[in-house]
Structures are given as C-alpha cells and as structure tokens.
Amino acid sequence: MRTCTVFAAAAALLLSASIASAQDIDRRVLPMPDPPFKGTIGLTPADSVKDFPKPVEAPEGAPNILIILTDDVGFGASSTFGGPIPTPTMDRIANAGVRFNAFHTTALCSPTRAALLTGRNHHSAATGVIMEAGVGFPGYNTLEPQSKRGLGDILKLNGYNTAWFGKNHNVPDWQTSQAGPFSLWPVGLGFEYFYGFVGGDTNQWAPALVENTRPIEPPHDDPNYNFDEDMANKAIAWIRMQHAVAPKKPFFAYYAPGTAHAPHHAPKEWIEKFKGKFDLGWDKQREMTLAKQKEMGIVPQNTQLTTRSEGIDAWDSLNDDEKKVFAHMMEVYAGALAHADHQMGRVIDAIEELGELDNTLVIYIQGDNGASAEGSRQGLLNEMTFFNNLKEPFSEVLARMDELGGPMTFNHYPIGWAHAMDTPFQWTKQVASHFGGTRNGMAISWPKKIKARGEIRPQFAHVIDIMPTVLEATGIPAPFSVYGIQQEPVEGVSMMYAFDDAKAPSQHKTQYFEMFANRALYHDGWVAATTPVAPPWASVVEYVDPIDGFKWELYNVDEDFSQAHDLAKENPEKLRDLQRLFYIEAVKYNVLPLDNTKVERLDVNNRPSNIRGLSEFTYYDGMTRIPEGSAPDFKNKSFGISAVVDIPDEGAEGLILTQGGRFSGLGLYLLEGKPVFHYNLAGVERYTVAGEEKVPPGRHVITVDFNYDGGGVGKGGEATLTVDGEKVASGRLDQTIAYRMSLDETLDVGEDTGTPVSEDYEVPFKFTGDIEKVTVNITEHKLTAAELEEYRAGRVRSAIAQ
C-alpha cells in the first residue's frame, strides 16, 4: 500500500511539472490551445492546488472597434467631405480624429464588404462581383475561402464580443435560404450576433429581417417603424448589455445600414428638411460642392471639375416638371442619408455614455462604392422596373412624386444626381476604372491614441487596409492558422502610420481595380484606367473583347486629384508599364478571366442550386421567407399553382401562395371567400383574374394555370382559375416579369410577409381555413389545350386520392 502511494505521488509530481512547462499561448494559432494547468495534482484536494483555466482575453488596453459602412454614397455627398448633405455624426468623428481623402473601395457592394472584413482583395476573397453574379472561377465563385478568415473570427477568438448589424450581401446566392448552410453567414464568420438583412437592399418600412439565421418580421402594425431606427436600437441594446455583463471585455460592432442604397426611404419630416435645397440642379451642385471641398482643404486648390459624362442631361435642358421631380428625388435621398447618420450618432452617444468612447476606434466609411447611377435618366418610383427593363411613364412619376421616400415606393434618383454626389470625379458606382466609382470619404477617431483633431490625411488607402489597421490597433497579429487551416497573407497595409503624421509617405504603393472588365492600376501616384465601354445606366451592354476592346487612359493623380487630364498620348511608355503591372496583379489576385458581361452572369444556372432540374415543388402552410433563388422560377415559362384547402362553415379568406410583393410579384389568395390570382408587373401593369363565387365549405382544389406564349423573355400568356377542376375565371397577361421578381421579398405560403402583392389586402393576411398543401409545377414550353386539360385533371385526381 505504501509503495502504491509513493508511485501515485511521483506520477502527480511529474504531471504537474509537465503541464507547467508548456509554452505560452500563441495568438497566431486560432482558436488558441487550452491554457496549461498551473496548479498541482495530489492524491486528495487537500494536497492539491487549484488552477481554473483562464479564458481568452484581448490584449491589455485593446480598444473597442466600431466600423460604420454606409451604402451607395459618393465622395461628394456628405458635409464631412464638402457635400450638401449634413452628416454631423461623421463630422464628429472626423473632428475628433482624421479624415482620409484618398481612400478607395472596389466600386461595388459585395466585393467591398468582403475586402473590408478579410483584408484581402475582393477577387482573393472570391468576391469579384455581387453574390447574384457568381460564376465558377476562383475569383468569382462568391465562396469566401477558409484560408482567408476575417475580422469576425480573429477578434472573437482573441477575446472580443462581436456583432454585425444591417446589410449582409456576402452570402452566396444559393445559400440564403433556411436550409443554409450557414458557414458563410455572419454567425459562421465569427460574429456572435447578427441583426439585419441578407441581400443587396431592403425596404426600410418592411425589411426582410434576419436575427442570426432566423427570419423575423418587423411590426407591420406600427406605422412609425423604420429599419434604420430599429437597427440603431438593437446595436445600442447589444453594446449596453455587453458592457453590463462583461465590462472589461472589448466589443467589435460592424454597423452597415442599407441606406443610402435604393430604395431611398426616410421619415417625411427628414425629407422636408431639404425642401428647395436642390432646386439649382446637379450641374450647379457639382460646382458648389467642389468650391466647398477646396475651402475645407478636402481637395487641392488646383482640382478641376471633370466633364459631365455622356448620357447625363444638362440641368438647364430639362423642362419645369422634370426639374421639380428630380430636385425632390434628391431631397428624398438627402433625407435618407441624414436620417441614417443621425441613428449612428445615437449609437456613438450610447458608447460615450458608458465611458467607452475614449478607447473606441471608430472607422466611418461613407459608402461602399460611388453613388449609384442605376436610377435611369428620370429616376424611379420602383427600382424593379430598372431590373426588368420596364419603362415608368414620367406622367406617373410626376403624379406620385409626393409618395417618394414612403412605403408605397421603391425609389431611386436620376443619374445626374449620382454624378453630382461623386464630385469632383468622373463616373459612378460599378465603374472601377475611375475614382467616381471607387473613392469614398473615410473618417477615423480614437481619442486615446490619435492626437490629431480634424486633420486631413492624403495617403493612398484601400478598403483592404481596414483589417490590418484594426489588428495593429488591438495588438493582435494576423493569424497563421484558423480552425486548423493555414491562412494566406493579409494583402492590405495598416493605416496607423498616418494617424499622427500627415506627411508620412503612402505605404500602400500599388493597387489594382476591376469590375465587369472596367479596370485600373494605381502605382506610386499614377493611374492607368480603361475607358468604360458602356455606362452603368445602359439597359443594353454589348459584349466587347475584354482585353483588346477597351481603350486606356493615364492620370498623374499626385498632381491631378480628379482625373481630369488624360496623359495617355503624352506618356505611352508609362501607360504600358502600368498595363503590364495590372496583369501581374491580376494573375496574383485571381482577377482573370476578365469578363464585361452582366446579365449573363446573373443567370442562376451559373451557380449551384438545391432545386435545379425540379419541375414540381410541394409546400405546406406556414412556409415563408423562401428566397427567390431557392424557389420555383415563375419567369418566362408556363406554371401551375394548385392548393388543397379546407374551407370552414363560415367561409375563409387569406393568402395561399405569393412571391414578391408590392413592387413586383404574383399571388393566389381568397378575398372575401372568392379565388383571386394577381400578377403585379412592377407596378407598371397589374393583372387580376378573379372568380365571382365564394368557394363553399369543404375540401377543395384551387388552381391557377398560366400558359406562357413563349417567343422570348417577359412575354404574356393566359391565366386560368379553376376550383375542383371547373373553370371559374380566366384572363390575359400581356407582359410578365423577365429577370427578377423581387430584390428583398420571398415566396410565402399561408400568409404574406414583407409587403402585399396587391393593395386588396394587408399583410400578413393569414389564410383562415386550412391549407393541406400547395403544389407548384413549372414547364419550359407552352402547353397545348389538351395538355393543359390533362394537367389540370391529373392534379385534381391526385389531390382527391390523397
């Protein structure tokens, strides 16, 4: 017995010594290994020493991080950079720190956001385009590589609380449904909490909300609900809770409102603040903005205003009605951005009230690209018309101009205002070759560390520099390994060298730009750039050879801030050097192959799909929020929707199935007991096929069949309503949606989420009977009369048999 005791004590001593000699934790390997046990193990607790595992902690003194990224806001929009829209929150950050006047994005939404969070170029992060245009090449497949984990993972695994609020346009198109996978949603990228929307834009009055991975609905009965306000409330609540329960633990909040992407929505009182402010028009506004930028020192005194891009009307050429409408559209945009900036101010006030603002690094980026020129020459009541190549009569826009910014519109401003909001540069969003698409204002404050107050920093910087800046500020190294996967090098450069040294030479020496084959190369103060072959507002873009079909321009941006003077003819050798360097960078960062097509890449057949090849789909009551990419494609084909329902003795009404909503979509429902099929052609036309008699109590099969004419996209066809196989109504649809049913609304069964497809009812319009199931059938060809009759009869027989 004594021998056993001796051996046991010796073993315990050896175990204790072995654990105590373990190496210290290495932050370059994430997650960090479990910390070594530093106590001792005896035979009993009395002769042992406890040592509880210490949780991972951020480096001593590491700051909180707040990154703000607005949407579709150009360099010349905000007051912080000389623009006409007051943004006092951004002014506050700039005046408490520095503003960078040579900061760049990628020219488009998803790519900029992927680059920001990963510290890698957008093609390196497999996000050369938006999620809906992904194709099967490494730089474009939209599957962010596991070898390039970003800020969410790194900060969480180093002891931060992490949250993402607002826009998430970085989930692959085929992974946005409730089937996931969720590895590329915020919760799979290191963000412990997400509250926002998944997609390119959303309705501020009726957003398609998601909390973590669960779709939720806003309060449809609250007439004052607004997503920007709700989002700020959620961010404030999260920060306060985090500070209350873990006051020593720093937080990282990524705050990305959908504003000021279309639709431009704002409370009426915020729009009214700008009444008459833009009556002078976009040409005069550009002149006024440049003058203010020079006065503030935002741009050099020799900066010249670039010429108005071809295709944009001179303001003085417009008639009085056009001027009235277009000026009001800009008032609405200004109201939206000013209102969103106010909400961000509330978030920063909350941080200050907690005593945390002094040690919070705030990075406020005004826009993920230049201002958007996707609003056509005359602006839009409904952006869905743009995406489906439909024309809104100006008379309709004029008649409804007072509705702009409210819940009945999905509005956008004219291209002339987009150009003005990019003052003093050429071009706009989507155009990666020029600063109008890629240069955005940025302000940074960190009172505890940045000594400068209200100063300007002219160093060249890019969105890939955000992550390395945050890592240096927090004292956290870029990891060598995350979740067992070796990490590729970070491609950006920390900007901290410039925080307190306005004259420090730029450390970001070389940067390529590319989007839809529009491309440029910056190197040591020079830019070589292709000339766009078509503007972003063109409805038809002809394919050109992406290598030889583009002309090139050359600018010395150290001396020519606005890219006003093309030096390609004067210095062809310099141009050739930069062209060669572009292709070196293109190979290095997965930019190839170059492709200037757009519509072709939006085809869902370019990407994986859980439903490809299926022609029949079955849904049940309560299945809602199914994204368009995961639902039957009702466009450019014949289809049938058949519902087996039980009607109670008192009758029933409500939604059976809908896809889309107020701004484009279709729906099958009972209204006051009568069957209705409604087709909303983006508000340009509305077609209703309705039965005259109520569906009686009992079990019934309610069906709508649409027989497509064929012969191209967006053509018409005949819709027929039947109840138990008997025709009750039919009608002609002269035209249908060709390309996209909705940007943010979904397929719903048994109730309607978002907005109603018809103004005949209000959401949620839950079905008051029982829905056993809904079957959708699609076919690529037009059915003959005999085929259609057999098709209907077969479905009725099947339903009755079950």
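Thresholds applied
Residues numbered from 1 in each chain as written. Predicted model: local features only at pLDDT ≥ 70, side-chain atom pairs only at ≥ 80, totals over all residues. Heavy atoms only, no water. Buried < 20%, exposed > 50% of the residue type's maximum accessible area, 1.4 Å probe, protein only. Helix = DSSP H or I, 4+ residues; strand = E, 2+ residues; numbered from the N terminus. Pairing = 2+ DSSP bridges. Axes fitted to C-alpha atoms, helices over the stretch in contact; angles between N-to-C directions. 1 Å grid on protein atoms, 1.4 Å probe; cavity = no way out; pocket = protein on both sides within 12 Å on 5 of 7 lines; lining within 4 Å. Points joined across faces, edges and corners; volume = space filled by probe spheres on them. Nonpolar A, V, L, I, M, F, W, Y, C, P; charged D, E, K, R; others polar. Phe/Tyr/Trp six-rings, centres within 6.5 Å; stacked < 30°, edge-to-face > 60°. Lys NZ or Arg CZ within 6 Å of the ring centre and 35° of its normal. Salt bridge = Lys/Arg side-chain N within 4 Å of Asp/Glu carboxyl O. Core = buried A, V, L, I, M, F, W, Y, C linked by side-chain atoms within 4.5 Å.

Chemist: Describe helix α13 (residues 466-474), with residues and values.
Modeler: Of all nine residues in α13, eight are buried, a share of seventy percent or more. The complete set of buried residues in α13 reads Ile466, Met467, Pro468, Thr469, Val470, Leu471, Ala473 and Thr474. Just downstream of α13, glycine 475 is the residue with a positive phi angle, here 75°.

Chemist: Summarise the sheet that holds strand β26 (residues 698-708); cite the residues concerned and give the values.
Modeler: Strand order in the open sheet made by the six strands is β20-β30-β21-β26-β27-β28, with antiparallel pairing throughout. Two strands lie at the open edges of the sheet, namely β20 (616-619) and β28 (726-733), each paired on one side alone. Each strand axis lies, on average, 15° off the axis of its neighbour in the sheet, ignoring direction. Bridge count for strand β21 (residues 638-647) against strand β30 (residues 770-779) is nine bridges, and the pairing is antiparallel. Note that in β30 the partner of serine 642 across the bridge is threonine 775.

Chemist: Lay out empty space enclosed by the protein in plain terms, naming residues and giving numbers.
Modeler: In total, this model carries seven cavities of 30 Å³ or more according to the counting rule given. Estimates place the volume of the largest cavity at around 100 Å³. Together, Gln430, Val431, Phe516, Asn518, Val533, Ala534, Pro535, Pro536, Val541, Asn596 and Lys598 line the largest cavity. Split by residue class, the lining of the largest cavity holds seven nonpolar, three polar and one charged.

Chemist: Go over the packing of aromatic side chains with me, naming the residues and quoting the values.
Modeler: On inspection of all chains with the given rule, the structure shows 37 aromatic pairs. Centre to centre, the rings of tryptophan 282 and phenylalanine 326 are 6.0 Å apart; their planes meet at 20°, and the pair counts as stacked. Linking tryptophan 282 in helix α7 (residues 282-296) with phenylalanine 326 in helix α8 (residues 320-353), this pair joins segments that are 44 residues apart in sequence. Judged by relative accessible area, which is 2%, tryptophan 282 ranks as buried. Every member of this aromatic cluster is reached through a ring pair, and the members are Phe274, Phe278, Trp282, Trp315, Phe326, Phe394 and Trp417. Geometry around tryptophan 270 places lysine 273 over its ring, the cationic atom sitting 4.8 Å from the centre.

Chemist: Just give me the short version of the pattern of salt bridges, but keep the residues and values in it.
Modeler: Taken as a whole and assessed by the stated rule, the structure comprises 34 salt bridges. Across the salt bridge formed by glutamate 353 and arginine 240, the nearest N and O atoms sit 3.6 Å from each other. Here glutamate 353 is found in helix α8, whereas its partner arginine 240 is found in helix α5 (residues 227-245), with 113 residues between them in sequence. On the accessibility criterion, arginine 240 (44% relative accessible area) is partly exposed. Residue glutamate 585 is joined to lysine 588 by a salt bridge in which the shortest nitrogen-to-oxygen separation is 3.3 Å. Residue glutamate 585 and its partner lysine 588 are located together in helix α14 (residues 572-588), separated by three residues, close to a single helical turn. We classify lysine 588 as exposed; its relative accessible area is 51%. Among the charged side chains, a salt-bridge network with shared partners connects Glu628, Asp633, Lys635, Lys637 and Arg740.

Chemist: So what about the nonpolar core? Which residues, and what values?
Modeler: Core analysis: the biggest nonpolar cluster contains 74 residues, and Phe165 and Tyr255 have the highest contact counts within it. With seven residues, the single largest contributor to this core is α5. Counting 50 residues, the second largest nonpolar core, distinct from the first, contains Val210, Ala256, Ile444 and Val463.

Chemist: Go over the layout of surface pockets with me, naming the residues and quoting the values.
Modeler: Over the atoms a probe the size of a water molecule is rolled, and this reveals where empty space is left. Space inside the second largest pocket adds up to approximately 680 Å³. Considering the residues around the second largest pocket, the lining is formed by 32 residues, among which Trp205, Asp222, Pro223, Tyr225 and Pro407 are closest to the centre. For the lining of the second largest pocket, the element with the most residues is helix α6 (residues 268-272), which contributes three residues. Split by residue class, the lining of the second largest pocket holds 14 nonpolar, eight polar and 10 charged.

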